[in-house]
Amino acid sequence: MPAEVRLAVAGSGKTSEIVRKISEQQQGTTSLALTFTQFAQSEIEARLPSTLASEHETMGWYAFLVRHIVRPFFPLLYPDKDLIPRGLCFIDSLGQIPKGRGGWKYYLNDQHQPYNLRLALLAKQVIKKTNGAPIERLQRIYDNIYIDEFQDLVGNDLEVVAALMDSEINLFMTGDVRQSVLETSRSDRLNEDYRGVKQVDWFRAKRDAGLCTLVPSDTTTRFNQAIADFSDLIHDPTLELPPTSSTQMEVTGHDGVFLVDESQLAEYLESLPRRATILWSQKSQRQLPQGELLTFGTAKGITRERVAILTTGPIVSLLKSRKLLKHSSASGFYVAVTRARYSVALVTKGAAKLHAQLHADFKGKINLWSS
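Residues numbered from 1 in each chain as written. Predicted model: local features only at pLDDT ≥ 70, side-chain atom pairs only at ≥ 80, totals over all residues. Heavy atoms only, no water.

**Concerning the overall build of the protein**
- In terms of helices and strands, the protein carries 12 helices and 14 strands.
- A compact globule built from 371 residues would reach a C-alpha radius of gyration of about 21 Å, and the protein, at 23 Å, matches this within 12%.
- Across its three principal directions, the C-alpha atoms of the protein cover 75 × 50 × 40 Å.
- Across the 371 residues in the protein, those meeting the buried criterion constitute 54%.
- A sequence separation of at least 24 residues applies to 78% of the contacts in the protein between residues at least 6 apart.
- Roughly 16900 Å² of accessible area belongs to the protein as shown, and the carbon and sulfur atoms make up 48% of that amount.
- Charged side chains in the protein number 44 positive and 41 negative. The centres of these two groups are separated by 6 Å. (Helix = DSSP H or I, 4+ residues; strand = E, 2+ residues; numbered from the N terminus. Rg over C-alpha atoms; globule rule 2.2 N^0.38 Å. Buried < 20%, exposed > 50% of the residue type's maximum accessible area, 1.4 Å probe, protein only. Contact = heavy atoms within 4.5 Å. Areas by Shrake-Rupley, 256 points an atom, 1.4 Å probe, with all protein chains shown as cover. Lys, Arg positive; Asp, Glu negative; His and termini not counted. Charge placed at Lys NZ, Arg CZ, Asp CG, Glu CD.)

**Re the sheet that holds strand β2 (residues 30-35)**
- Pairing is parallel in the open sheet, where 6 strands are placed in the order β3-β2-β4-β5-β1-β6. Both outer strands of the open sheet, β3 (55-60) and β6 (212-217), are each paired with one neighbouring strand and no more. Across the sheet, the mean angle separating the axes of adjacent strands is 15° when strand polarity is ignored.
- In terms of strand pairing, strand β1 (residues 3-8) meets β6 through 6 bridges, oriented parallel. Following the sheet pairing, Ala3 is matched in β6 by Cys212.
- Its contacts with the sheet place helix α3 (residues 61-77) against β2, β3 and β4 (144-148), and it is angled at close to 110° to β3.
- Together, β1, β5 (170-175) and β6 form the strand contacts of helix α7 (residues 199-208), whose direction differs from that of β6 by roughly 135°. (Pairing = 2+ DSSP bridges. Axes fitted to C-alpha atoms, helices over the stretch in contact; angles between N-to-C directions.)

**A word on the pattern of salt bridges**
- All chains considered together, the criterion is met by 20 salt bridges.
- Glu183 is the salt-bridge partner of Arg186, the closest N and O atoms lying 3.5 Å from each other.
- Accessibility expressed as a relative area gives 52% for Arg186, which makes it exposed.
- Residue Glu183 is classed as buried on the basis of its relative accessible area of 15%.
- With a shortest N-O distance of 3.2 Å, Asp208 and Arg207 are connected by a salt bridge.
- Of the residues examined, Asp208 reaches a relative accessible area of 60% and is grouped as exposed.
- Several salt bridges share partner residues, and in doing so they unite Glu4, Arg6, Glu17, Arg20 and Glu24 into one network. (Salt bridge = Lys/Arg side-chain N within 4 Å of Asp/Glu carboxyl O.)

**Here's the deal with the sheet that holds strand β9 (residues 256-261)**
- Taken together, the 6 strands give an open sheet; going across it, the order is β11-β10-β12-β13-β9-β14, and neighbouring strands pair in parallel fashion. Of all strands in the sheet, those bounded by a partner on one side alone are β11 (293-295) and β14 (367-368).
- Lying over the sheet, helix α11 (residues 327-337) contacts β10 (277-280), β12 (304-310) and β13 (340-348), oriented at roughly 140° with respect to β12.

**Observations regarding the nonpolar core**
- Membership of the largest hydrophobic core comes to 57 residues, with the highest contact counts inside it found for Phe64, Ile147 and Met165.
- With 10 residues, the single largest contributor to this core is α3.
- Not counting residues up to four positions away in its chain, the partners in contact with Phe64 are Leu32, Leu34, Met59, Ile69, Leu138, Val160 and Leu164.
- Counting 35 residues, the second largest nonpolar core, distinct from the first, contains Ala299, Ala336, Leu354 and Leu358. (Core = buried A, V, L, I, M, F, W, Y, C linked by side-chain atoms within 4.5 Å.)

**Considering the UniProt feature "domain: UvrD-like helicase ATP-binding" (unreviewed entry) in the protein**
- Taking the UniProt record as the reference, the feature "domain: UvrD-like helicase ATP-binding" (unreviewed entry) is found at residues 122-181.
- The straight-line gap between the two end C-alpha atoms of residues 122-181 is 24 Å; of that span, 43% is helix and 18% is strand. (UniProt positions renumbered as here; feature names shortened; annotations may be inferred.)

**Concerning helix α2 (residues 38-47)**
- For α2, the set of buried residues is Ala40, Gln41 and Ile44. Taken end-on, α2 shows its buried residues confined to a sector of 105°, consistent with a single buried face. Exposed positions of α2 whose direction lies more than 90 degrees from the buried face are Gln38 and Ala46.
- Against α1 (14-23), β2, β3 and β4 lie the buried residues of α2. (Arc of directions from axis to C-beta.)

**Comments concerning the environment of Gly297**
- The residue Gly297 is located in the loop between β11 and β12 in this model.
- Given a relative accessible area of 44%, Gly297 falls into the partly exposed group.
- With 206 residues separating them along the chain, Gly297 and Ile91 place their C-alpha atoms 19 Å apart.

Structure (structure tokens):
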């Protein structure tokens, strides 16, 4: 049976769908839910009912690769070594690995801990060397595997996903390629053409090969249609992602997307019924009004009534000339915009002048705020 892949938008209930499916499993069924971050794992666990008819586990992606693929079969990869991989060695870049390490030391440190940045490559090698033995083992253990936030998986992780797609396990995946702000490995260069939002093309290729079906999940319950329409303009239009529909119909008197001049930010924040959360792309020495202040990346997963986003040069270029953002910047901006339920303020210098220069795609979708 082909895997089911849900191409979701922000606020569409990705995790809720997985929790519902797990909760409805029949007695005697076994399942595994996988996701990259500890926060996402906790979200699944917290939403599951206290008792289930089926047997279920929730696990992180790294833990899954070590426990179910690498550790049981690593001795077959290096039969002349008495090695059992244990734990994980977290590194930020491959430059932290001593040079000249070959053989098993290419993947493990001296304590036999796999390097997180090479873990997916090692898992792929184990699957290949053992003719798919880890996948066959998983078929005997689990009836269903669920992958949440699949957009965090990159490089060789996708090869492991492809092997799961080609198995007898019922595989359900959900994620939002527009929110690709995290990556399991920033140094894994395999599948480079499918990084960020372009991961959608990888899934389309697997669909064309008969390995999965693609189901749009394009209705949000979080933010209003004005924010939805604006969010659809952030990424490359040639990817032809389905437009976002909203069922959030609340009217507050200050709804949609606004340009706010930097000099009026404090006044704008004071005018709101409840103070907006300020979001920016990176920390600086800039003086800002008191309030909740988050970076784009740390804002992922939250919902707020209103946000005020400090624009960058590339964001202003997107608004003026439709110059596309780099994929990581586009995903960060998309995350920032889609945190708000009611209103998004884009804070910039010369807001009135920028409003007059907006690209045609953005005209009518962004209002100018003035006191």
